[in-house]
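Secondary and tertiary structure notes
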Amino acid sequence: MAIGRKGRGSRDKILRAATKEFARKGIDGARVDSIAEASSVNKNMIYHYFGSKENLFIEVLERMYETVRDRQEDLSIRDLPPADGMRKLIELTADVWIEMPEFQMLLNSENLHKARHVRKSKKITNLYNPLMETIREVLARGEKEGVFRSGIDPIDLYISITALSAYYVSRRHTFEAIFKTKLMTPERIRKRKETISDTILRYLASA
């Protein structure tokens, strides 16, 4: 069924409100009533558009993953020298976690459910195929040019890049309390991205 401009506007309002509600409370704690109130949409319209709270959560995840993937700019990375392309991918990935805190909160909820909703999505897995292609292509060029060593697993590499940036953001409050310092200042963030890039590029470097 085609959705008109008014319908698309209502869906967008629902998805924005649902993103905040799910990020704050997780899928278990989120309430459709609260989403309806925040989006100024009748609760019955939410069920009309999405069918269930679970389907709404899946669409929120899909929309968030699409935003993340758009920001990683795969095609522009392919045109750069291997080391520069990898550094740019690292910095763009770090920016996702720094600038999109709701994404990490949604993933916290989803991991408690062992990725049940990601597995049900027809979009999310396919969103990452181009990224893996880009990483493989950059690694292959780097190996051919003698910049990177051989035998690097692209999935393991991407998990390492994500871990080094996401953990910094997700645990910043306890680190700030322990070390009595602010971690999200522009200078700290710049240094952190440099540290991640240097760490990964040394790991990739050929002998």
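In this report, the structure presented in the accompanying data block is examined. The residue count restarts for each chain, going from 1 along the sequence in the order it is written. Thresholds applied to this predicted model are a pLDDT of at least 70 for local features of residues and 80 or more for the giving and counting of side-chain atom pairs; totals over whole chains, interfaces and linings are not thresholded and use all residues. Each side-chain value is worked out from all heavy atoms of the structure, with water and hydrogens disregarded.

1. Structural notes on the side chain of Ser121
Note the following rule: Segments assigned H or I by DSSP are reported as helices when at least four residues long, segments assigned E as strands when at least two residues long, and all are numbered from the N terminus. Buried, partly exposed and exposed residues are distinguished by accessible area as a fraction of the type maximum, computed with a 1.4 Å probe on protein chains only: under 20%, between the cut-offs, and over 50%, respectively. Pairs of N or O atoms are called polar contacts if they sit within 3.5 Å, as long as, within protein, a hydrogen donor faces a hydrogen acceptor (for residues adjacent in sequence, only side-chain-to-side-chain pairs). We call two residues in contact whenever any of their non-hydrogen atoms come within 4.5 Å of each other.
Secondary-structure assignment places Ser121 in the loop between helix 8 (116-120) and helix 9 (124-127). Overall, the relative accessible area of 10% leaves Ser121 in the buried class. A distance of 2.7 Å separates polar atoms of two side chains, one belonging to Ser121 and the other to Glu62. Ignoring any residue separated from it by four or fewer positions in sequence, one finds Ser121 in contact with Ile58 and Glu62.

2. As for empty space enclosed by the protein
The following threshold applies: Using a grid of 1 Å spacing that covers the protein atoms alone, one calls a set of points a cavity when a 1.4 Å probe fits there but cannot get out, and a pocket when the set is open and has protein on both sides within 12 Å along at least five of seven lines; lining residues are those with an atom within 4 Å of a point. Grid points are joined across faces, edges and corners, and a volume is the space filled by probe spheres set on the points. Residues are sorted three ways: Asp, Glu, Lys and Arg are charged, Ala, Val, Leu, Ile, Met, Phe, Trp, Tyr, Cys and Pro are nonpolar, and all the rest, Gly among them, are polar.
Scanning all chains against the criterion turns up one cavity of 30 Å³ or more. Contributing to the lining of the largest cavity are Ala94, Ile98, Ser165, Tyr168, Val169, Ile189, Arg192, Lys193 and Ile196. Looking at the lining of the largest cavity, the elements that each hand over two or more residues are helix 6 (82-99), helix 11 (154-170) and helix 13 (186-204). The leading source of residues in the lining of the largest cavity is helix 13, at four residues. Looking at the lining of the largest cavity residue by residue, the classes come out as six nonpolar, one polar and two charged.

3. Focus on the nonpolar core
Stated precisely, the cut-off is as follows: In these notes, a set of buried Ala, Val, Leu, Ile, Met, Phe, Trp, Tyr and Cys residues joined through side-chain atoms within 4.5 Å is what counts as a nonpolar core.
Phe22, Leu56, Met86, Phe103, Leu157 and Leu204 are the most contacted members of the largest nonpolar core, which totals 55 residues. Leaving out residues up to four positions away in the same chain, Phe103 has contacts with Met64, Tyr65, Val68, Val96 and Trp97.

4. Description of the pattern of salt bridges
Where side chains of opposite charge bring their charged atoms close, a pairing between them can arise. Applied cut-off: Here, a salt bridge means any Lys or Arg side-chain nitrogen found within 4 Å of an Asp or Glu carboxyl oxygen.
The tally for this structure, following the rule as stated, stands at 18 salt bridges. As a salt-bridge pair, Asp74 and Arg69 come within 2.4 Å of each other at their nearest N and O atoms. Close ionic contact of Arg71 with Glu99 constitutes a salt bridge, the shortest N to O distance being 2.0 Å. A residue pair is termed long-range when its members are at least 10 positions apart, and Arg71 in helix 4 (residues 53-71) and Glu99 in helix 6 qualify at 28 residues. If you follow the salt bridges from partner to partner, you end up with Glu21, Arg24 and Lys25 in one network.

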